[in-house]
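# Structural characterization, general
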Amino acid sequence: MPYLIPSRTPLTPDQVERGFDYLLALQMGGGAPVAGRAEADPELAFILLRLAEDIVWPVTALDAEADLCADSFVLDEVGCVLLSALRDWARDSPTTAVPGIARSIIRFIVSIIPDPDHEDTAATLEALRDARLAVAHAVHSAPGAHR
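Every value quoted in this text rests on a predicted model; they were computed, and no experiment measured them.

When helices and strands are counted, the protein shows seven helices and zero strands. Counting from the amino terminus, helix and strand elements in the protein follow one another as α-α-α-α-α-α-α. Here the contacts in the protein between residues at least 6 apart in sequence split such that 73% fall between residues at least 24 apart. Entry remark: accessible area of the protein is about 8100 Å², with carbon and sulfur atoms responsible for 58%.

Rendered as structure tokens:
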């Protein structure tokens, strides 16, 4: 699946916060406060797509050190299909893609990567946010970093 993930500048801390704020608001019941965010923040589809790549890719990609079997290749292809579909959706209709990508990320977390340390999906999202924020701060505060 590496051919689906182009090299890119990592998300900024602000982008990580905005993406996870949307995911958490949707997970907690969303409603009216969440509904207008896609129109108000045109970059949100891009941010959620990038978060989906950061969450899905490490879980579904082939692990060169693992004992490979047919299931390994199936999981890799499922990740490719999911990310490709989300990318097409974000490109073709960014506003309608925002809630769909967010729900796909939440479903993926609930179904594929339950966290035994965080029984609640919101707690898992918060843990993922904290990890992505640490990366974003490290990358964007390094000398010569992209800003």
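Quick look at the packing of helix α6 (residues 94–112) against helix α7 (residues 121–141) now. Relative orientation and spacing of two packed helices are given, respectively, by the angle between their axes and the distance between those axes. Running from N to C, α6 and α7 cross one another at 105°; their axes reach a closest spacing of 10 Å. By the criterion of interaxial angle, the relationship of α6 to α7 is roughly perpendicular. Taking contact as the criterion, the partners of Ile-106, Ile-109 and Val-110 in α6 are, on α7, Thr-121, Thr-124, Leu-125 and Leu-128. A per-class count over the contact of α6 with α7 returns five nonpolar, two polar and no charged.

Residues that lie three or four places apart on an α-helix share one face, since the helix turns once every 3.6 residues. Taking 1.5 Å as the rise per residue, helix α4 (residues 44–60) with 17 residues should run 24 Å; its terminal C-alpha atoms sit 24 Å apart, in good agreement. Buried residues dominate α4, accounting for 13 of its 17 residues.

With that settled, the discussion passes to the pattern of salt bridges. This structure, assessed with the given rule, holds seven salt bridges. As a salt-bridge pair, Asp-14 and Arg-18 come within 2.8 Å of each other at their nearest N and O atoms. One end of the pair is Asp-14 and the other is Arg-18, both in helix α1 (residues 13–27) and four residues apart, which spans about a single turn. Across the salt bridge formed by Asp-92 and Arg-91, the nearest N and O atoms sit 3.0 Å from each other. Each member of the pair, Asp-92 together with Arg-91, is exposed. If you follow the salt bridges from partner to partner, you end up with Asp-14, Arg-18 and Glu-43 in one network.

Okay, the confidence of the model for the protein next. Low pLDDT marks regions whose predicted coordinates should not be analysed in detail. Of the residues in the protein, 84% reach a pLDDT of 70 or more, and the chain-wide mean stands at 82. Looking over the protein, one finds the lowest element-wise mean pLDDT in helix α2 (residues 32–35), namely 66, and the highest in α1, namely 92. Contacts for the low-pLDDT stretch residues 1–5, under 50 throughout, to residues beyond four places or in other chains number 15 contacts.

Definitions and cut-offs
- Residues numbered from 1 in each chain as written.
- Predicted model: local features only at pLDDT ≥ 70, side-chain atom pairs only at ≥ 80, totals over all residues.
- Heavy atoms only, no water.
- Helix = DSSP H or I, 4+ residues; strand = E, 2+ residues; numbered from the N terminus.
- Contact = heavy atoms within 4.5 Å.
- Areas by Shrake-Rupley, 256 points an atom, 1.4 Å probe, with all protein chains shown as cover.
- Axes fitted to C-alpha atoms, helices over the stretch in contact; angles between N-to-C directions.
- Parallel < 35°, antiparallel > 145°, perpendicular 65-115°, else oblique.
- Nonpolar A, V, L, I, M, F, W, Y, C, P; charged D, E, K, R; others polar.
- Expected span 1.5 Å × (residues − 1).
- Buried < 20%, exposed > 50% of the residue type's maximum accessible area, 1.4 Å probe, protein only.
- Salt bridge = Lys/Arg side-chain N within 4 Å of Asp/Glu carboxyl O.
- pLDDT = per-residue confidence, 0-100.

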